[in-house]
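Fold and geometry: a report
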Amino acid sequence: MVKNKNIVWFDEIDHDDIGMVGGKGANLGEMLKSGIPVPFGFVVTSYAYFNFLEVTQLKEKIKHYLTLLKHKDPKNLQQTSENIRRIIVKEKIPAELAGEIMTAYLALSKRAKKSSKLSEKLTSLFKLPYVAVRSSATAEDLPTASFAGQQETFLNISGESNVVRKVQEAWASLFTPRAIFYREEQKFDHLKVGIAVPVQLMVNSETSGVMFTVDPMTNDKNRIVIEGIYGLGELIVQGSVTPDHFSVDKKTNEILERKIACQTKMLVKKDGKTKEVNISQKTGGRQKISDHQIKEIARLGKLLEKHYFFPQDVEWAIEKGKIFIVQTRPITTYKKQGQKEENKTTDSNKVTQDMQILLTGDPASPGIASGSVKIITDVREIGKVYPGDVMVTEQTNPDYVPAMKRAVAIVTEKGGRTSHAAIVSRELGIPAVVGTGNATKVLKNGEFVTVNGAKGEIYKGALTSGQKIELRSAMAGNLQSPIFKTATKIYVNMASPDRVVEVSKMNFDGIGLLRAEFMIADIGTHPRKLIKEHKEKLFISKLAADLLKFCQAFSPRPVMYRATDFKPNEYRNLTGGREFEPEEPNPMLGFRGVFRYIKDPKVFELELEAIKMVRNVYGFRNLHLMLPFVRTVAELIEIKKIIAACKLLRSPSFKLWLMVEIPSNVILIDKFCEAGIDGVSIGSNDLTMLILGTDRDNTEVAREFDERNEAVTWAIERVVKACHKYKITSSICGQAASDYPELVEKMVSWGITSVSVNPDAYNHIKETVYNAEKKLVNKK
């Protein structure tokens, strides 16, 4: 782990160093070590930045300007930013630090060739040390903060003095208006947030672009979306040009959709400078990358998603036929919503079907909203956008975010579905249409329009009162249950507290599976690292705070919390994880589940303390515990002793459930029941893989994964009937319950007491259960 160094090389760093090298630097190191083709470089660490502030005594001056800040006043925000950035850039960097940066820059090409992860072919592209100087804000005590897109990037920088100057300008960009605004809104201490500066060999991109490893519009996990343009990639991120758009099937790598845009300009590196040049209509109208390159980029995307265990937002570039991954980060808007979301959108589209279309573009963020047009031609005009306005502009960048938060919808002339405007609109949950071409000319200030972000259409006039009622009804369609009363309970699977209030208003009977992993990942630091640093209370309070949100929202309905079931390779990605987690060739069958708790009970005991805090301190006794991946009856008996020692005892108000996800659970179900449990929940995902000996994430054998296979259905039937025999509850929480109504019907006939499904599956599962129960009654 890197400590107290001004300069570190990419091949020296990984995820554990995020506090010193920032998210970008850590990801670049991780990718390099994983064999992903990454242009080499080094990072000027946050340690160097904080030292710079101390040595130059700039901290007090910055504090002074911040005392005068009124961040919701655009003029005051702009002035404060200019004042702070000016004093940072004006100050002289200490000679020793400047010397270290220069030395690293001059050694860069030679060091790149020595890197074992970089081929001779790759390094041969970098004969001249042109570099990209990037910025990555970071805060060691704010592991869940996201500073993406707030700081500056400088391309095609050459010469050691120029690199030093750009590093200083990158530091200053920590105080752009958008960065200051974000920290104020999040109530972060400006002077505790640092900045690391990756300096990376420049790819002179012939083509470049972005990739999402799930469809960012529909959250379809089976599709990869790739967008590409000619030249350097800044124009696509800014939304200055509309890119080619491709959709790729994640399993087969087949190109499912292609939309070729006519590009009129591109950024190129010429004579060491970045220049914007025009493109002929003939050239600009061609497909920017070959089908082979599309498929290869998609392949790299799958590797990245598998490495990080989460859908990724990736920037790529191609030079001389070689594909490079320049950056990757998690998709912040990803939610496992499923296909029912599309049905809801289809219903809402009927509301606008008779309205006059003024303009069309690319659908970028779903939803329908009406408002008064406010045309913004410059970032200095964002103060003109008021709550309820439809913001119309050529393109957006992070400086526009304060205005976007006030708008009900966004319309841009340029950009694609992966542009800044599209991404931020999806994060804010407001409709957006991008790439309209001439919105600022067609639309007029003050006129009322309606924006349909799912169809990419802007209509004349606002929605009528009747249309608004119809829209609310359509959008609520998946949130309102049909009037079906069933004996079988319908629970919901949840992981993140983001949607808990919304989902709690649906008619679910409780939470049948509350996954721990997302909440632990949000804490960001490996629990053992926190224990080592005597920060156990931090872990307990953060986990308890998240659990409390679910219990409050669903009270008095039960919440079944499944304790952590991280595999070692997943735990290793948390800060500090590599110190405590072994590398395993087959993590699915490795150091996980209850065996982990017994061997090292300290982390599990922290979880139990969080449960006790919610139940005993906050008084929400609807929280219960579910144990994952219990291999043997002996393990169950042993873990019950640990739970009892923490003064959590089984009772009518505290249930202990067992996850049934291993063949041994099925074979010995009678003995597990006799050992003393209150219920089981069948994890059909793992159980199916282990019964059929197949990996659902391996494209070569994934087609063999099927929860409806007779071996799997035999196992489920055996478990449900055994639970009925021992008078304990039985449930299922795997994906099968959401995907296969015919399987749900069978389970109801066997006597299952509940099914737990994704939020969007409620209506059709409720109806399926109702009809299945009705058939049983009629048979009698």
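Before any of the text, the structure's been laid out above.
Residues numbered from 1 in each chain as written. Predicted model: local features only at pLDDT ≥ 70, side-chain atom pairs only at ≥ 80, totals over all residues. Heavy atoms only, no water.

As a further point, take the overall build of the protein. When helices and strands are tallied, the protein shows 32 helices and 30 strands. Across the 780 residues of the protein, 57% fall into the buried class. Put simply, of all contacts in the protein between residues at least 6 apart along the chain, 68% involve residues at least 24 apart. Accessible area of the protein: about 33000 Å², with a carbon and sulfur share of 50%. (Helix = DSSP H or I, 4+ residues; strand = E, 2+ residues; numbered from the N terminus. Buried < 20%, exposed > 50% of the residue type's maximum accessible area, 1.4 Å probe, protein only. Contact = heavy atoms within 4.5 Å. Areas by Shrake-Rupley, 256 points an atom, 1.4 Å probe, with all protein chains shown as cover.)

A word on the sheet that holds strand β15 (residues 357-360). As a general point, the strands of a sheet are linked pairwise by backbone hydrogen bonds and lie either parallel or antiparallel. If you walk across this open sheet you meet the eight strands as β15-β22-β21-β17-β18-β19-β20-β16, and the pairing is mixed. For this open sheet the edge positions go to β15 and β16 (362-365), each flanked by a neighbour on one side alone. Across this sheet, the average inter-strand angle for adjacent strands is 30 degrees, counted without regard to direction. In terms of strand pairing, strand β21 (residues 448-452) meets strand β22 (residues 457-460) through four bridges, oriented antiparallel. Within β22, the position partnered with T450 by the bridge is Y459. (Pairing = 2+ DSSP bridges. Axes fitted to C-alpha atoms, helices over the stretch in contact; angles between N-to-C directions.)

Two side chains bearing opposite charge may form a pair once their charged atoms approach each other closely. For the structure on display, the rule yields 36 salt bridges. Ionic pairing is found between D291 and R258, a salt bridge with its closest N-O pair at 2.8 Å. Here R258 lies in strand β10 (residues 255-259) and D291 lies in helix α11 (residues 291-308), a separation of 33 residues in the sequence. A relative accessible area of 40% means that R258 is categorised as partly exposed. Here R708 ties to D706 by a salt bridge, and the two come within 3.0 Å at their closest N and O atoms. Look at the salt bridges and you will find they share partners, linking D14, E30, K33 and R578 into a network. (Salt bridge = Lys/Arg side-chain N within 4 Å of Asp/Glu carboxyl O.)

Further remarks concern the packing of helix α1 (residues 18-33) against α11. Here α1 crosses α11 at 110 degrees, and the two axes come no closer than 12 Å. Judged by the angle between their axes, α1 and α11 are roughly perpendicular. On the side of α1, the interface is formed by N27, E30 and M31, while α11 contributes L304, H307 and Y308. Split by residue class, the contact of α1 with α11 holds three nonpolar, two polar and one charged. (Parallel < 35°, antiparallel > 145°, perpendicular 65-115°, else oblique. Nonpolar A, V, L, I, M, F, W, Y, C, P; charged D, E, K, R; others polar.)

Moving on to helix α29 (residues 710-725). Each full turn of the α-helix corresponds to 3.6 residues, which orients residues three or four apart in the same direction. Here α29 is 16 residues long and its end C-alpha atoms lie 22 Å apart, about the 22 Å a rise of 1.5 Å per residue gives. Within the sequence span of α29, burial applies to V712, T713, A715, I716, V719, V720, A722 and C723. For α29, the N-terminal capping position is held by N709, with its side-chain oxygen 2.8 Å away from the main-chain nitrogen of A711. (Expected span 1.5 Å × (residues − 1). Polar contact = N/O pair within 3.5 Å; in protein donor to acceptor, adjacent residues only side chain to side chain.)

Turning our attention to unusual backbone geometry. Negative phi characterises most residues that are not glycine, and trans characterises most peptide bonds. Following S555, the chain continues into P556 via a peptide bond in cis, with omega recorded as 5 degrees. Take P556: it is sitting in the loop between α20 (536-554) and β25 (559-562). For Q57, which is not a glycine, the phi torsion comes out positive at approximately 60 degrees. Unlike most non-glycine residues, H534 shows phi in positive territory, near 60 degrees. Examined against the element boundaries, H534 turns out to sit in the loop between α19 (527-532) and α20.

So, on to the packing of aromatic side chains. Summed over all chains, the structure comprises nine aromatic pairs. When the ring of W9 is compared with that of F40, the centres are 5.9 Å apart and the planes differ by 5 degrees; the resulting orientation is stacked. Pair noted here: W9 is in strand β1 (residues 7-9) and F40 is in the loop between α1 and β2 (41-44), with a separation of 31 residues, a long-range link. Like W9, the residue F40 is buried in the burial classification. Here a set of aromatic residues connected by ring pairs shows up, and it is made of W9, F10, F40 and F42. In this structure, R183 is placed above the aromatic ring of F175, and the distance from its NZ or CZ to the ring centre is 5.1 Å. In this structure, K599 packs its charged tip against the face of F591, placed 5.5 Å from the ring centre. (Phe/Tyr/Trp six-rings, centres within 6.5 Å; stacked < 30°, edge-to-face > 60°. Lys NZ or Arg CZ within 6 Å of the ring centre and 35° of its normal.)

Another point: α11. Helix length check: α11, at 18 residues, gives a terminal C-alpha distance of 26 Å against a target of 26 Å (1.5 Å per residue), a fit within 8%. Looking at α11, one finds that the buried residues are Q293, I294, I297, A298, L300, G301, L304 and Y308. Projection of α11 onto a plane perpendicular to its axis shows the buried side chains occupying an angular sector of 160 degrees, all on one side. Along α11, the residues that are exposed and aim more than 90 degrees away from the buried face are H292 and K306. Backbone geometry just downstream of α11 places F309 in the positive-phi region, at approximately 60 degrees. (Arc of directions from axis to C-beta.)

The strand order across the open sheet built from eight strands is β29-β28-β27-β26-β25-β24-β23-β30, with neighbouring strands paired in parallel fashion. The open sheet is flanked by β29 (729-732) and β30 (754-757), the only strands paired with a single partner. The sheet shows a mean angle of 30 degrees between the axes of neighbouring strands, direction not considered. Sheet topology places strand β23 (residues 489-494) next to β30; four bridges connect them, and they run parallel. Bridge assignment links Y491 to a residue of β30, and that residue is S756. Packing against the sheet, α20 makes contact with β23, β24 (511-515), β25 and β26 (623-627), and its axis sits at approximately 155 degrees to β25. Along the sheet face, helix α24 (residues 601-617) touches β25 and β26 and points at about 160 degrees away from the line of β26.

Let's shift gears to the pairing of β26. Counting buried positions along β26 gives five out of five residues, so the element sits mostly inside the fold. Burial along β26 is two-sided: the residues L623, L625 and L627 and H624 and M626 are all buried. In this sheet, β26 lies alongside β25 in parallel orientation, the contact comprising four bridges. In the strand pairing of β26, M560 is matched with H624. In this fold, β26 hands off to helix α25 (residues 633-645), which returns the chain to strand β27 (residues 656-660); that crossover is right-handed. (Right-handed = clockwise from strand over helix to strand, strands pointing away.)

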